[in-house]
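Coordinate inspection notes
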Amino acid sequence: AAALVDYSPQAISLFNNMKTPASILGGAIVGLGFGAPLPPSTGKENTLESVLRKSYLMVAAISLLSQLIAIMWATVAVNKLTECANIGRAESVWHLIQNDFDMSWAGTNAH
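Since the model is a prediction, treat every value here as computed from it, not as a measurement. (Residues numbered from 1 in each chain as written. Predicted model: local features only at pLDDT ≥ 70, side-chain atom pairs only at ≥ 80, totals over all residues. Heavy atoms only, no water.)

1. Points about the overall build of the chain
Along the chain, the regular secondary structure elements total 4 helices and 2 strands. Listed by position from the N terminus, the elements making up the chain come as β-α-α-β-α-α. Dimensions of the chain, computed from the C-alpha atoms along their principal axes, are close to 70 × 20 × 15 Å. Among the 111 residues that make up the chain, the fraction classed as buried is 27%. In the structure as shown, the chain presents an accessible area of about 7,200 Å², 66% of it carried by carbon and sulfur atoms. Counting 6 positive and 7 negative side-chain charges, the chain places the averaged centre of each group 13 Å from the other. (Helix = DSSP H or I, 4+ residues; strand = E, 2+ residues; numbered from the N terminus. Buried < 20%, exposed > 50% of the residue type's maximum accessible area, 1.4 Å probe, protein only. Areas by Shrake-Rupley, 256 points an atom, 1.4 Å probe, with all protein chains shown as cover. Lys, Arg positive; Asp, Glu negative; His and termini not counted. Charge placed at Lys NZ, Arg CZ, Asp CG, Glu CD.)

Encoded structure:
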C-alpha cells in the first residue's frame, strides 16, 4: 500500500484554479449581460434575430448562475479541505478528489 500524504494544498490549488476564472467570467457577465442593454430594435429583424434578442437576458442569467454554481462548489470544497485535519490524506491528489470530492469536482468542472 502506498503511503498516505496530505494532498490538501494541491487539491485546494486545483479548486482555486477553477474558481478564479469562474469569478472573472461571472463579473464580466454581470456587466455585459445586465449592465449593457441591447440597442433598440429597428423593426427590420428576421425571425432569428428576434429570437436571439428575446433570449439575451435569459442566456445571461443562466450563464451567471452556472458560474456562481462553480464558485460555490469550489468554495465549499476548499473550506472542507481547510477545516478538516485528516481529510487530505491520500495516495495522490487525484485519489483524494475521486474519493472525497468527486461531486464537488464534477460540479465545479461541469459549470
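2. A short note on the environment of L32
With respect to the element layout, L32 can be found in helix α1 (residues 8-35). A relative accessible area of 58% means that L32 is categorised as exposed. Distance from L32 to L4, taken between C-alpha atoms, is 46 Å for residues 28 residues apart in sequence.

3. Here we look at the packing of α1 against helix α2 (residues 47-83)
Running from N to C, α1 and α2 point in directions that differ by 155°, and their axes come no closer than 8 Å. Comparing the axis directions of α1 and α2 gives the class roughly antiparallel. In the packing of α1 onto α2, the handedness of the crossing is left-handed. Of the residues contributing to the contact of α1 with α2, the split by class is 20 nonpolar, 9 polar and 1 charged. (Axes fitted to C-alpha atoms, helices over the stretch in contact; angles between N-to-C directions. Parallel < 35°, antiparallel > 145°, perpendicular 65-115°, else oblique. Left-handed = near helix turned anticlockwise from the far one by under 90°. Nonpolar A, V, L, I, M, F, W, Y, C, P; charged D, E, K, R; others polar.)

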